[in-house]
Amino acid sequence: MSKKKGSGLIGEFKKFIMRGNVMDMAVGVIVGGAFTAIVTSLNQDILTPLLGIFGGTDFSNLTVTLGSHEGAPVLAYGNFITAVINFLITAFVIFILIKVMNVISDKLSHKPEEPAAPTTKVCPYCRSTIAMEAVRCPHCTSQLDESK
């Protein structure tokens, strides 16, 4: 039994990879990685030293040694605090960016509403307002042309 070219597991995988949403996700991951590097630098190079001035300490130096011997493990909880601050800053910046993008998108896509279709028309004989579906004027009883 021969299979068609492009069918089977490899063909399905190729079809999955070439979908637009998978490619969009890949681009998002790459841009997200670059963005994370920027936010990490903002945190480590600017905010953490500023917080260190007010708190008297740099979070990255906070550690606890578990034990007294030479090879005792060290918990670098200051790095964890820095990672939490990084996460909060990243989440906040992304929140602000999405909020700004939504406002811009709303302003750009805000189209004026189209007026509703008329429900009345004017009788060409007596100039009275009548229902759009009327074929005879109720005021002058004239037979109305369908095209008017």
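Quantities reported herein were computed from a predicted structural model and do not represent experimental measurements.

### Comments concerning the overall build of the protein chain
Along the backbone of the protein chain there are 3 helices and 4 strands. Mapped in sequence order, the helices and strands of the protein chain form the string α-α-β-β-α-β-β. Per-residue burial for the protein chain yields a buried fraction of 16% across its 148 residues. For the protein chain, long-range pairs separated by at least 24 residues make up 20% of all intrachain contacts whose partners lie at least 6 apart in sequence. As displayed, the protein chain offers around 12300 Å² of accessible surface, 66% of which is attributable to carbon and sulfur atoms.

### Considerations on a nonpolar patch on the surface
On the surface, Val64, Leu66, Leu75, Tyr77, Phe80, Val84, Phe87 and Leu88 cluster together into a nonpolar patch covering about 770 Å² of accessible area. Per element, the largest residue contribution to the nonpolar patch is 5 residues, and it comes from helix H3 (residues 77-109). By secondary structure assignment, the location of Leu88 is in helix H3.

### Examining the confidence of the model for the protein chain
Here the protein chain averages 80 in pLDDT, and 89% of its residues register 70 or above. Element-level pLDDT for the protein chain is lowest in helix H2 (residues 20-55), with a mean of 78, against a maximum mean of 90 in strand S3 (residues 120-122).

### Here we look at the side chain of Ser142
Topologically, Ser142 is positioned in the segment after strand S4 (129-131). Judged by relative accessible area, which is 19%, Ser142 ranks as buried. In contact with Ser142, other than residues within four places in its own chain, are Tyr125, Val135, Arg136 and Cys137.

### Points about the nonpolar core
Of all hydrophobic cores here, the largest spans 6 residues; its members are Phe35, Val39, Phe59, Leu62, Ile85 and Ile89. At the level of secondary structure, the elements contributing two or more residues to this core comprise H2 and H3. With 5 residues, the next largest nonpolar core counts Cys123, Ile130, Ala134 and Leu144 among its residues.

Definitions and limits used
Residues numbered from 1 in each chain as written. Predicted model: local features only at pLDDT ≥ 70, side-chain atom pairs only at ≥ 80, totals over all residues. Heavy atoms only, no water. Helix = DSSP H or I, 4+ residues; strand = E, 2+ residues; numbered from the N terminus. Buried < 20%, exposed > 50% of the residue type's maximum accessible area, 1.4 Å probe, protein only. Contact = heavy atoms within 4.5 Å. Areas by Shrake-Rupley, 256 points an atom, 1.4 Å probe, with all protein chains shown as cover. Patch = residues over 30% accessible without salt bridge, like charges linked within 9 Å, V, L, I, M, F, W, Y side chains within 5 Å. Salt bridge = Lys/Arg side-chain N within 4 Å of Asp/Glu carboxyl O. pLDDT = per-residue confidence, 0-100. Core = buried A, V, L, I, M, F, W, Y, C linked by side-chain atoms within 4.5 Å.

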